[in-house]
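So the chains spell out like this:
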Amino acid sequence: MTATPERFSCGALRADAIGRTAELFGWINRRRDHGGLIFIDLRDREGVTQIVFNPEHPSFPMAEKLRSEDVVRVVGAVRARPEGTENAKLATGAVEVGIEQLEVLNRSEVPPFQVNAEDDVDESLRLEYRYLDLRRPRMQRNIRLRHRIVKAFRDYFDERDFVEIETPMFIKSTPEGARDYLVPSRMNPGTFYALPQSPQLLKQICMISGFGRYMQIARCMRDEDLRADRQPEFTQLDVELSFVTQEEVMQMMEGAVAHAWRNVLGIDLSAFPRLTHAEALRRFGSDKPDMRFGLELVDASARFVTSEFVVFRGALDAGGAVLALRYPGGASLSRRDFDALTESAKLFGAKGMVWIALGADGVKSSAQRFLDDATVEALRADTGAERGDAVLLFADARESVSSIAGKMRLEIGERCGLRDPAKFSFCWVTEFPYLEMDEESGKPVPAHHPFSAPMPGQWDLIDSDPLAMRAQHYDMVLNGFELGSGSIRIHDVELQKRIFTMLGMSEEEIEDRFGFFVRALRYGAPPHGGMALGIDRIVMLACGEENLRQVIAFPKNQVGRDVMMDAPSPVPERLLRDLYLRSVAPSAESAR
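Procedures and definitions
Residues numbered from 1 in each chain as written. Predicted model: local features only at pLDDT ≥ 70, side-chain atom pairs only at ≥ 80, totals over all residues. Heavy atoms only, no water. Helix = DSSP H or I, 4+ residues; strand = E, 2+ residues; numbered from the N terminus. Buried < 20%, exposed > 50% of the residue type's maximum accessible area, 1.4 Å probe, protein only. Contact = heavy atoms within 4.5 Å. Areas by Shrake-Rupley, 256 points an atom, 1.4 Å probe, with all protein chains shown as cover. Polar contact = N/O pair within 3.5 Å; in protein donor to acceptor, adjacent residues only side chain to side chain. 1 Å grid on protein atoms, 1.4 Å probe; cavity = no way out; pocket = protein on both sides within 12 Å on 5 of 7 lines; lining within 4 Å. Points joined across faces, edges and corners; volume = space filled by probe spheres on them. Nonpolar A, V, L, I, M, F, W, Y, C, P; charged D, E, K, R; others polar. Salt bridge = Lys/Arg side-chain N within 4 Å of Asp/Glu carboxyl O. Axes fitted to C-alpha atoms, helices over the stretch in contact; angles between N-to-C directions. Parallel < 35°, antiparallel > 145°, perpendicular 65-115°, else oblique. Left-handed = near helix turned anticlockwise from the far one by under 90°. Pairing = 2+ DSSP bridges. Phe/Tyr/Trp six-rings, centres within 6.5 Å; stacked < 30°, edge-to-face > 60°. Lys NZ or Arg CZ within 6 Å of the ring centre and 35° of its normal.

Draft legend 1. Expanded view of the overall build of the chain. Helix and strand counts for the chain stand at 17 helices and 23 strands. Each principal axis of the C-alpha distribution contributes one length, and for the chain these read about 95 × 75 × 60 Å. Counting over 592 residues, the chain shows a buried share of 47%. Expressed as a percentage of contacts within the chain between residues at least 6 apart in sequence, the contacts between residues at least 24 apart total 66%. Just so you have it, the chain exposes about 30000 Å², and 50% of that area is on carbon and sulfur atoms.

Draft legend 2. Inspection of the side chain of His528 at higher detail. Within the secondary structure layout, His528 lies in strand S23 (residues 528–534). Judged by relative accessible area, which is 1%, His528 ranks as buried. Looking at His528, its side chain comes within polar contact range of the side chain of Gln204, at 3.0 Å. The residues touching His528, leaving out its near neighbours within four places in the chain, are Gln204, Met207, Glu240, Leu241, Ser242, Phe243, Ile488, Arg489, Ile490 and His491.

Draft legend 3. Local environment of unusual backbone geometry. Residues Ala567 and Pro568 are joined by a peptide bond in cis, for which omega reads 0 degrees. Within the secondary structure, Pro568 is located in the loop between helix H15 (535–542) and helix H16 (573–578). The residue Asp566 is not glycine, and still its phi comes out positive at about 60 degrees. Of note, Asp566 is situated in the loop between H15 and H16. By relative accessible area, Asp566 is classed as partly exposed at 45%.

Draft legend 4. Expanded view of the layout of surface pockets. Here the second largest pocket defines a volume of roughly 800 Å³. Around the second largest pocket, the lining is made up of 22 residues, and of these Tyr181, Leu182, Ala567, Pro568 and Ser569 lie nearest the centre. Of all the secondary-structure elements, those providing two or more residues to the lining of the second largest pocket are strand S8 (181–184) and strand S9 (192–195). Grouping the amino acids of the lining of the second largest pocket by side-chain chemistry returns 14 nonpolar, 3 polar and 5 charged.

Draft legend 5. Main features of the pattern of salt bridges. Under the criterion given, the structure shown has 48 salt bridges. Residue Asp287 pairs with Lys288 through a salt bridge whose shortest N-O separation is 3.9 Å. For Asp287, a relative accessible area of 27% corresponds to the partly exposed category. A residue is classified by how much of its surface remains accessible, and Lys288, at 38% relative accessible area, is partly exposed. Residues joined by salt bridges that share partners form a network here, namely Arg7, Glu23, Arg73 and Glu103.

Draft legend 6. Representation of the packing of helix H5 (residues 200–208) against helix H14 (residues 507–521) in the model. Two elements in contact, H5 and H14, have axes separated by 10 Å at closest approach and are oriented at 20 degrees. Relative to H14, the element H5 is oriented roughly parallel. Helix-helix and strand crossings are classified by hand; for H5 and H14 the assignment is left-handed. Together, Leu201, Gln204, Ile205 and Ile208 of H5 and Phe514, Phe516, Phe517, Ala520 and Leu521 of H14 make up the contact between the two elements. In terms of residue class, the contact of H5 with H14 is built from 8 nonpolar, 1 polar and no charged.

Draft legend 7. View of the sheet that holds strand S17 (residues 390–396). Read from one edge of the open sheet, 5 strands run S13-S14-S17-S15-S16, paired in antiparallel fashion. Because the sheet does not close on itself, it has two edges, and the strands there are strand S13 (298–299) and strand S16 (362–365). Sheet analysis places strand S14 (residues 321–327) next to S17, joined by 7 bridges and oriented antiparallel. The residue of S17 that forms the bridge with Ala321 is Asp396.

Draft legend 8. Summary view of the packing of aromatic side chains. This model, assessed by the stated rule, comprises 17 aromatic pairs. Where Phe272 meets Phe426, the ring centres are 4.6 Å apart and the plane angle is 5 degrees; that geometry is what we call stacked. A residue pair is termed long-range when its members are at least 10 positions apart, and Phe272 in the loop between helix H6 (246–265) and strand S12 (274–276) and Phe426 in strand S18 (residues 426–430) qualify at 154 residues. Residue Phe272 is classed as buried on the basis of its relative accessible area, which comes to 5%. Of the residues examined, Phe426 reaches a relative accessible area of 5% and is grouped as buried. The residue whose ring lies beneath Arg160 is Tyr156, and the NZ or CZ to ring-centre distance is 3.7 Å. Positioned above the aromatic ring of Phe293 is the side chain of Arg409, whose terminal nitrogen or guanidinium carbon lies 4.0 Å from the ring centre.

Draft legend 9. Region of the structure containing the packing of helix H4 (residues 137–159) against H15. Following both chains from N to C, one finds H4 and H15 inclined at 120 degrees, their axes separated by 10 Å at the closest point. Between H4 and H15, the angle falls in the class oblique. In the packing of H4 onto H15, the handedness of the crossing is right-handed. When H4 is examined against H15, the residues Asn142, Leu145, Arg146, Ile149, Val150 and Phe153 are found in contact with a partner set consisting of Ile535, Asp536, Ile538, Val539 and Ala542. Residues of the contact of H4 with H15, tallied by class, amount to 8 nonpolar, 1 polar and 2 charged.

Draft legend 10. Expanded view of the sheet that holds strand S11 (residues 233–242). Taken together, 8 strands build an open sheet; the order of strands is S7-S10-S11-S23-S22-S21-S18-S12 and the sheet is mixed. Each having just a single partner strand, strand S7 (163–164) and S12 make up the two edges of the open sheet. Of the pairings in the sheet, the one linking strand S22 (residues 481–488) to S23 comprises 5 bridges and is antiparallel in character. When the sheet's bridge partners are listed, Gly484 is paired in S23 with Leu533. Helix-sheet contacts for H6 involve strand S10 (213–221), S11, S12, S18, strand S21 (473–478), S22 and S23, and the interaxial angle to S21 is about 20 degrees.

If you want it as structure tokens, here you go:
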């Protein structure tokens, strides 16, 4: 008599299960016909198990018709694989299941790409058939890792008495920076909800409401141009605390990330270095520095104050700077290679680039006649370059040249293999400028948002020198990516209105856009601060991926479309009428 089967996942069977009868469900990963025997690799989310069909068994004709992605139930005896046929690459590779029962639960059409392989597949095809793409091991691994990271965050904050509070998805439009997604209200004709860009004001109201410690895994939407590390809808870890300092918020958030890395990735992180915004720009040319490697920028301006090199002198006389960057092993590049590197610099905004190759057979440079031995030696010492390296020089307005040299630093780091995706280098960047100049309007706007408090002692700068103000604002950075931002908030209603007024808002505008929040501040708002971290970006880096779409189950493509569901798409005219709307988008005919 056949033993009562025990249900196992396809990744669970080991040598200790030999002799037991197993029941498994899954998809046909691969079928192989070998000398009369048929071998089926059965797959589910946990792994793969080998099933063996003997020609004498009644199920053999059915097995001959099985194809990839058919869904089956099998029952059979677990046994050791014959000596020499074990598969060390599989966790179940020491055993196999001899078939006793086979039930075909569903047939699959031929997939448009191989589900059982990690072959490169056109991304548009993967997104169109996302339900198949999500079966692939890479996507299964990424999505499950995402789940574990989110759970680790929830556990961490729950253990510290935070309350997870869900904030609404339909809110008032208070556009700050990116465009809102708007939702028309059928019950209130001519009015619109906005989908939240973040729960910023609502979480501050939670502090005014006395909850003290709030967190949420929050869904947010921004109608902005897309990049590899940006989606129109995204998920963030949102946190707010009352009666805290900036340092206390940073320690809490650093602890949350360290907890996730330890419990999910098995990695103990060291304390995150701290850099001011000005220091990050000076050393790395970026406010989100990649700290996995050195190659810090060096201000070489002093080496050229009396130089006859017109390009450098012109930049310095205009108040600019000359920055130097070491290129390890760069002396081996040919002139053609340096020309190509110069073109890369120009793509980043450089007007040109000077290179110095410190070869074993002497020094070569694109500006040889303007560089004496003493200057070359000083630059070598300044940058820490050695024989075999090159030194790259850039000159321009200080802000521009810092950005250009910072991007070239990343380019050199990539070329030299220094940006290891398996290495995690976190840091904090603090003391951001409160304001920045908007390129379109030419007016000062908040560098982040207008609810952050200035640094202590800087309130008076609102009237005298607002562009010199620094915010109690802090960013967490990992491997050159900003993971999230936070700040200490303004909790005094008059000071908050003072910021709004500085930004050019009238009393009527303040009331229209933020009246509810200003009124809330009048009722005993406590000092508070918080932060939001991007879950999608965190998981992308934890998985070693380069694109957010690899860690989101159902992402949008590069132009914001869901090609699986074909969204966004037109809707029937009657639905628009119900919402008192009409479409003025060009028709397909007129577009031609």
